[in-house]
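# What the coordinates show
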Amino acid sequence: MMTLRTAAPPDHARILDVMPAWWGGRDLRALVPSLFLEHFAGTSLVAEADGELAGFLIGFVSQDRPDEAYVHMIGVDPARRGDGLGRRLHDEFADLVRERGVRRIRCVTSTVNTASVAFHTSIGFVVTGTGVPVEARGLEADADGHVLMCREI
Ligand SMILES: CC(C)(COP(=O)(O)OP(=O)(O)OC[C@H]1O[C@@H](n2cnc3c(N)ncnc32)[C@H](O)[C@@H]1OP(=O)(O)O)[C@@H](O)C(=O)NCCC(=O)NCCS
């Protein structure tokens, strides 16, 4: 049975363990320092099936724009894709942050990650621009730049 819950600091190590395989060998672990699971666990989600990590979403409410939230990372176990879990994680996140006054969710995905762009478009995100966020500069995997996406909730 699949269960969803808000994340907790010990989930950090489990998330890092699966990231390279779930991203098809791209190593983006440097984009997920433990601070995300220390300071944004209450708006981040973990999905588990039979005790195993099935998916996760790391997100937070913008401090400077209280009506906006940002999803930093979402991942679903490759063996469990195409079954609605990614959508479910996003919908649950939207419910969590809506309660806190959020009306718009932003995310950034790599231009090489066409599957991610297709996924986000399917669940209601629109492309608002392109660019490379400061934290990604110098990372080889992100040299091709980023697609900025947004969803009104
Ligand atoms: C992107 C990801 C989270 C999608 O998870 P998922 O559980 O397979 O997605 P869902 O089953 O909920 O799909 C939701 C919608 O997106 C679409 N979609 C999902 N993956 C897709 C793909 N690879 N290509 C095209 N459409 C896709 C589905 O068809 C579905 O649309 P529909 O409801 O209109 O039929 C998953 O593929 C993943 O973990 N990828 C690797 C990590 C990554 O790139 N994360 C995003 C950047 S941080």
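Residues numbered from 1 in each chain as written. Predicted model: local features only at pLDDT ≥ 70, side-chain atom pairs only at ≥ 80, totals over all residues. Heavy atoms only, no water.

### Observations regarding the site of the ligand
In the neighbourhood of the ligand, 21 residues make up the surrounding shell, with Ile74, Val76, Gly82, Arg87 and Asn113 lying closest. Within the backbone of Val76, one N or O atom sits 2.7 Å away from an oxygen atom of the ligand. Expressed as a share of its isolated accessible area of 920 Å², the protein-covered part of the ligand is 71%. Looking at the shell around the ligand, the elements with two or more residues in it are strand S4 (68-76), helix H3 (85-98) and helix H4 (114-122). Among the elements that make up the shell around the ligand, the one with the highest residue count is H4 (five residues). Class assignment for the residues of the shell around the ligand results in ten nonpolar, eight polar and three charged. (Near = heavy atom within 4 Å. Polar contact = N/O pair within 3.5 Å; in protein donor to acceptor, adjacent residues only side chain to side chain. Areas by Shrake-Rupley, 256 points an atom, 1.4 Å probe, with all protein chains shown as cover. Helix = DSSP H or I, 4+ residues; strand = E, 2+ residues; numbered from the N terminus. Nonpolar A, V, L, I, M, F, W, Y, C, P; charged D, E, K, R; others polar.)

### Some remarks on the side chain of His120
Structurally, His120 can be placed in helix H4. With residues near it in sequence (within four places) discarded, His120 still touches Ile74, His90, Cys107, Phe125 and Met149. (Contact = heavy atoms within 4.5 Å.)

### Digging into the packing of H3 against H4
Relative placement of two packed helices is described by the angle separating their axes and the distance separating the axes. Taken N-terminus to C-terminus, the directions of H3 and H4 make an angle of 55°; their axes are 11 Å apart at the nearest point. For the element pair H3 / H4, the angle class is oblique. Considering the relative orientation of H3 and H4, their crossing is right-handed. Contacts between H3 and H4 involve Gly86, Arg87 and His90 from the former and Phe119, His120 and Ser122 from the latter. (Axes fitted to C-alpha atoms, helices over the stretch in contact; angles between N-to-C directions. Parallel < 35°, antiparallel > 145°, perpendicular 65-115°, else oblique. Left-handed = near helix turned anticlockwise from the far one by under 90°.)

### Concerning the packing of aromatic side chains
One pass over the structure, following the stated rule, counts six aromatic pairs. Plain terms: the ring middles of Trp22 and Phe56 are 6.0 Å apart, the flat faces sit at 20° to each other, and that makes the pair stacked. Note that Trp22 is positioned in helix H1 (residues 11-22) and Phe56 in strand S3 (residues 52-61), a separation of 34 residues in sequence. Here the two residues Trp22 and Phe56 agree in accessibility, since each one is buried. Ring plane angle 35° and centroid distance 5.6 Å describe the contact between Phe60 and Tyr70, whose orientation is recorded as tilted. Here Phe60, found in strand S3, pairs with Tyr70, found in strand S4; they are ten residues apart in sequence, far enough to count as distant. Of the two residues examined, Phe60 and Tyr70, each falls in the buried class. Taken together through their ring pairs, the aromatic side chains of Phe36, Phe40, Phe60 and Tyr70 make up a single cluster. (Phe/Tyr/Trp six-rings, centres within 6.5 Å; stacked < 30°, edge-to-face > 60°. Buried < 20%, exposed > 50% of the residue type's maximum accessible area, 1.4 Å probe, protein only.)

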